[in-house]
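# Structural description and commentary
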Amino acid sequence: MPTNEKVLADIQSADKDVRFAAWRAAGEADPSVIAGLAKLVNDANPGVAKAAREAITTFVHSVGKDPAHPKRAAVVAQLMTVAESSGSSSAARVLALRLLSNIAGESQVPAIAKLLNNTELREEAVYCVERIPGDVANKALLAAARSAKDDFKPRLLAALGHRRIADATTICIDAMKSPNREVALAGARAFGRIGRKATAAVPWPKPEDADAVLRYADGLRDQGNTADAMDIYKTMLRRAEEHLQCAAIVGIGKIKTADAAAVLFPMLKHSNSRVRITANNVWKSMA
């Protein structure tokens, strides 16, 4: 095992081949060297800075495939120290958060979630939390979205949508009512991705984001609510845009019922060739 001193010296070598060999072998060293490597991430020599970043990344790759790897906990702890420390450079903290998104667990979520209030780091923090499985991450994102200001709320809403958190539907609907169009659209898109039936009329922002509405229909369909999904698909079939008609046809085809076939059948002779071809291909897939 190379010593920390050897690793750091080689990473700062004037010889690019020595630097390359050092970062490729970094995973064999003790994880405590990550603290020293983090200080080199902003080195004035671009070659040294790159070697330091790559060496830290190599550590993560070396433990990432095996949750039981003997060094994994130590690597996570070292990265958390870098991410949380105000003494670390912004570049080092950003790198640490990006790498933690691959190997951090639920126990790290509360500390990472605190960085959602840090303007410089919040984008990386939400990306990190979003990729950590489990209910703890869900709750952290929900709490952040409830209190976030408009300039960051769309990103949090996107995270809720990507994770399809059912408990986020109320937050999404409230966002859809916002006078801030960016927030309203983000709420609509997240709501559509989650695909859970609302208990009241959905306040889609106008003009509506048709993609979000179609995602909502897909979600209803996948949960077995084909009646409400079909109502939305029929609305899209009446739209003039061919891509919306085609998307609705594909969604209808996945229902695979006699009622779905009856709605689809007239589209087989549609005047628009793209819509007609899509309908015929979907019809064949339903046979």
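What comes next is a walk through the structure. Numbers given to residues run from 1 along each chain, matching the order in which its sequence is written. Whole-chain, interface and lining totals are the exception, using all residues; otherwise, since this is a predicted model, local features are given only for residues with pLDDT of at least 70 and side-chain atom pairs are given and counted only at 80 or more. Processing note: side-chain calculations cover all non-hydrogen atoms of the structure and skip hydrogens and water entirely.

### Notes on the packing of helix α13 (residues 210–222) against helix α15 (residues 242–253)
Filter applied, for reference: To obtain an axis, a line is fitted to C-alpha atoms, over the contacting stretch when the element is a helix, and the angle between two such axes runs from 0 to 180 degrees between their N-to-C directions. Each helix is a run of DSSP H or I of at least 4 residues and each strand a run of E of at least 2, with the numbering of both proceeding from the N terminus. Angles below 35 degrees are treated as roughly parallel, those above 145 as roughly antiparallel, those between 65 and 115 as roughly perpendicular, and all remaining angles as oblique. In this description, contact between two residues means that some pair of their heavy atoms is separated by no more than 4.5 Å. Three residue categories are used. Nonpolar comprises Ala, Val, Leu, Ile, Met, Phe, Trp, Tyr, Cys and Pro, charged comprises Asp, Glu, Lys and Arg, and polar comprises the others, including Gly.
Running from amino to carboxyl end, α13 crosses α15 at an angle of 5°, the nearest separation of the two axes being 11 Å. Considering their axes alone, α13 and α15 lie roughly parallel with respect to each other. Taken together, the residues of α15 that come into contact with α13 (itself represented by A210, L214, D218 and R221) are L244, A247, A248 and G251. Taken together, the residues of the contact of α13 with α15 break down into five nonpolar, one polar and two charged.

### Some words on the pattern of salt bridges
Close approach of charged atoms allows side chains with opposite charge to pair. Inclusion rule: Throughout this description, the term salt bridge denotes a Lys or Arg side-chain nitrogen within 4 Å of a carboxyl oxygen of Asp or Glu. Only protein chains enter the accessibility calculation, which uses a 1.4 Å probe; a residue whose area is less than 20% of its type maximum is buried, one above 50% is exposed, and one in between is partly exposed.
Tallied over the entire structure, the rule returns 16 salt bridges. Of the charged contacts in the structure, one is a salt bridge between D222 and R221, with a shortest N-O distance of 3.0 Å. Assessed through its relative accessible area of 59%, D222 is described here as exposed. Linked by salt bridges that have partners in common, K206, E208, R239 and E241 make up one network.

### Quick notes on helix α1 (residues 4–11)
Counting along an α-helix, one turn takes 3.6 residues, and residues three or four places apart therefore face a common direction. For the record, the criterion: Relevant arc is that of directions from the helix axis to the C-beta atoms, nothing else.
Taken together, the buried positions of α1 are occupied by V7, D10 and I11. Considered in projection along α1, the buried side chains sweep an arc of 100° and stay on one side of the axis. On its buried face, α1 sits against α2 (16–24), α3 (34–38) and α4 (46–64).

### Topic: unusual backbone geometry
In this model, K206 is joined to P207 through a cis peptide bond whose omega is -5°. Counting through the fold element by element, P207 comes out in the loop between α12 (181–194) and α13. The backbone of R164 sits at a positive phi, close to 50°, despite the residue not being glycine. Take R164: it is sitting in the loop between α10 (153–163) and α11 (169–176). Its relative accessible area of 46% is what places R164 among the partly exposed residues. A positive phi angle is found at K256, which is not glycine, with a value near 55°. The topology assignment puts K256 in the loop between α15 and α16 (258–264).

### Side note on the environment of S62
Within the secondary structure, S62 sits in helix α4. Judged by its relative accessible area of 30%, S62 is partly exposed. Remark: the alpha-carbon pair of S62 and A26, spanning 36 residues in sequence, is separated by 9.0 Å. In this structure, S62 is in contact with G27 and H69, ignoring residues within four places of it in sequence.

### Quick notes on helix α5 (residues 72–84)
The cut-off we apply is this: Under the convention used throughout, the expected extent of a helix is 1.5 Å for every residue step, that is, one less than its residue count.
With 13 residues, α5 extends 18 Å from end C-alpha to end C-alpha; this agrees with the ideal 18 Å at 1.5 Å per step. Residues R72, V75, V76, L79, M80, V82 and A83 constitute the buried set of α5. For α5, the buried positions fall inside an angular range of 160° around the axis, keeping them on one side. Residues of α5 that are exposed and point over 90 degrees away from its buried face: A73 and T81. Tucked into the core, α5 has its buried residues touching α3, α4, α6 (90–103) and α7 (109–114).

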